[in-house]
Amino acid sequence: MSLLSPVEGWYYKKVSKDEKMWMVIALILCLMMFVWMIMWHVYGKQNPSSLTYKTSTAEFSKLSEAYIKNNMVGVDKGIPVVRPKPNSDVFVLAEMWRWSPVLILQKDQSYKLHISSRDVLHGFSIQPVNMNFQVYPQYDYVLTFKPTETGEYKVICNEFCGIGHHTMIGKIVVIDKEEDLKLYGYENMKKAPDPVVKKTNEPLTEQEMVLLGEQAYTLKGCAACHKIDGTKELAPAWNGLFGKSEEVRENGKIISVKVDEDYIKESIKQPQQKITVGFEKSPMPVFPVTDEDIDHIIAYIKSLSK
Ligand code: CUA
């Protein structure tokens, strides 16, 4: 209730000429914008409307992992590199804190990108072209993508997604000729690396274990935080880690532990049990890995400390 009540019947009063004119202008503007909304869908150069399907994080993770495994042509800093065929379906997974895989695309060819998140909301922004899409967990966002210019594009996450948000930078490389691969140091990324095939009943050799561990490191997402070049912004680096003594926090107390098989196993299965001092702010989530994966990962970590 206002302090002063309006005069009764005020709305029956005749509208003045000026007011009528403005109402007509506003109506015309509304109609123009409505028409543009539809035209923009057809002629607009950015943020095309697209299809979205319901999925689950487990299903999408599985699909993208299988996709990467079958189409991988190499690895760039722990992130798998895929060179999809034109007009094919491409799976891109966002997770704290990486985009996987890196894509090598052909200029003027179309690709059907399926994008989803394994954990929280991320933003898929292709730079320097101004394209922005939100990436939700449990939704498969399908984007038909046709690069028209060659070059290296960054995929920046533009939704704050936690302490490692600023490190979440992916890559799309658009090439025209085969020689262009050299510009990005990708000249050897033309065909898939030979997969490690388990021989019948024979136990895996140490080298095969290490290769599988390296594959798990890339595919399961460990590479997003654990680096192998000594940098440790979000998590302990894996090189030189095995056999080392680490200060960890357990039940509020700081203790020293030796990094061995048991410690790594526990760290993967119950990451909150012992948290390495200095990394309390970037807690590790539980990853869908099997006991076999863990054995391979241990072999890989060991190999990085030799
Ligand atoms: Cu992902 Cu910010």
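None of these values were measured; they are calculated from a predicted model.

## A word on the packing of helix H5 (residues 261-269) against helix H6 (residues 291-303)
Phase 1: Their axes nearest at 10 Å, the elements H5 and H6 cross at an angle of 125°. With respect to H6, the element H5 is oriented oblique. H6 is crossed by H5, and the crossing has right-handed handedness. Side by side, H5 and H6 meet where Glu261, Ile264, Lys265, Ile268 and Lys269 of the first sit next to Asp291, Ile294, Asp295, Ile297, Ile298, Ile301 and Lys302 of the second.
Phase 2: Looking at side-chain class alone, the contact of H5 with H6 contains six nonpolar, no polar and six charged residues.

## What about the packing of aromatic side chains?
Phase 1: Summed over all chains, the structure comprises ten aromatic pairs.
Phase 2: Judged by centre distance (5.6 Å) and plane angle (55°), the rings of Phe133 and Tyr141 are tilted. The same class applies to Phe133 as to Tyr141, namely buried.
Phase 3: Pairing Tyr217 with Tyr300 gives two aromatic rings, centres 5.4 Å apart and planes at 50°, and the pair type is tilted. With Tyr217 in helix H4 (residues 206-219) and Tyr300 in helix H6, this residue pair connects regions lying 83 residues apart in the sequence.
Phase 4: Given the relative accessible area of 4%, Tyr300 is considered buried.
Phase 5: An aromatic cluster of at least three residues, connected via ring pairs, comprises Trp99, Phe124, Phe133 and Tyr141.

## Side note on the pattern of salt bridges
Phase 1: All told, the structure shown has 15 salt bridges when counted by the stated rule.
Phase 2: Measuring nitrogen to oxygen at the nearest pair gives 3.8 Å for the salt bridge that ties Lys107 to Asp108.
Phase 3: Look at Asp108 and you get partly exposed, because its relative accessible area is 40%.
Phase 4: Note that Glu250 and Lys274 form a salt bridge whose closest N and O atoms lie 3.6 Å from each other. Here Glu250 is found in strand E13 (residues 245-250), whereas its partner Lys274 is found in the loop between H5 and strand E15 (275-276), with 24 residues between them in sequence.
Phase 5: Looking at Lys274, the relative accessible area reads 17%, which means it is buried.

## Focus: the side chain of His122
Phase 1: Mapping His122 onto the fold places it in strand E8 (residues 122-127).
Phase 2: Residue classification places His122 among the buried residues on the basis of a relative accessible area of 0%.
Phase 3: At 2.8 Å, the side chain of His122 forms a polar contact with the side chain of Asp119.
Phase 4: When neighbours within four sequence positions are excluded, His122 is seen to be in contact with Ala94, Glu95, Met96, Trp99, Ser117, Phe133, Gln134, Val135, Cys157, Glu159, Cys161 and Met168.

## Describing the sheet that holds E8
Phase 1: Pairing is mixed in the open sheet, where seven strands are placed in the order E2-E3-E6-E12-E11-E8-E9. Taken across any chain shown, the strands that pair with only one partner, and hence form the sheet edges, are strand E2 (72-76) and strand E9 (131-135). Taken over all neighbouring pairs, the strand axes of this sheet differ in orientation by 25° on average, direction set aside.
Phase 2: Where E8 lies against E9, five bridges are found, and the strand directions are antiparallel. Paired with His122 across the strands is Val135, a residue of E9.

## Brief notes about the pairing of E13
Phase 1: Here E13 shows a clear split, with Glu246, Val248 and Glu250 buried on one side and none of Ser245, Glu247 and Arg249 buried on the other.
Phase 2: Once E13 ends, the chain turns through two residues before running back antiparallel as strand E14 (residues 253-258), passing Asn251 with a positive phi of about 50°.

## Section: the environment of Asp180
Phase 1: Residue position: Asp180 is located in helix H3 (residues 180-183).
Phase 2: For the pair Asp180 and Leu4, spaced 176 residues apart in sequence, the C-alpha separation works out to 74 Å.

## A short note on the domain arrangement of the chain
Phase 1: When cut into domains, the chain gives domain 1 (51-191) and domain 2 (206-303).
Phase 2: Tallying the contact residues gives 17 residues for domain 1 and 15 residues for domain 2.
Phase 3: Buried area between domain 1 and domain 2, summed over both chains or domains, comes out near 1300 Å², and the portion from carbon and sulfur atoms is 65%.
Phase 4: If you sort the residues of domain 1 by the area they bury against domain 2, Glu65, Trp97 and Ile163 come out on top, with a joint share of 34%.
Phase 5: Across the pair Glu65 and Lys220 runs a salt bridge whose closest N-O atoms are separated by 2.9 Å.

## With respect to the environment of Asn70
Phase 1: Turning to its location among the elements, Asn70 is positioned in helix H2 (residues 57-71).
Phase 2: Classification of Asn70 by relative accessible area gives exposed; the value is 62%.
Phase 3: Expressed as a C-alpha distance, the spacing of Asn70 and Val82, which sit twelve residues apart in the sequence, is 9.2 Å.

How each quantity is defined
Residues numbered from 1 in each chain as written. Predicted model: local features only at pLDDT ≥ 70, side-chain atom pairs only at ≥ 80, totals over all residues. Heavy atoms only, no water. Axes fitted to C-alpha atoms, helices over the stretch in contact; angles between N-to-C directions. Helix = DSSP H or I, 4+ residues; strand = E, 2+ residues; numbered from the N terminus. Parallel < 35°, antiparallel > 145°, perpendicular 65-115°, else oblique. Left-handed = near helix turned anticlockwise from the far one by under 90°. Contact = heavy atoms within 4.5 Å. Nonpolar A, V, L, I, M, F, W, Y, C, P; charged D, E, K, R; others polar. Phe/Tyr/Trp six-rings, centres within 6.5 Å; stacked < 30°, edge-to-face > 60°. Buried < 20%, exposed > 50% of the residue type's maximum accessible area, 1.4 Å probe, protein only. Salt bridge = Lys/Arg side-chain N within 4 Å of Asp/Glu carboxyl O. Polar contact = N/O pair within 3.5 Å; in protein donor to acceptor, adjacent residues only side chain to side chain. Pairing = 2+ DSSP bridges. Domains from an automatic or database assignment. Buried area = accessible area lost by both parts, 1.4 Å probe.

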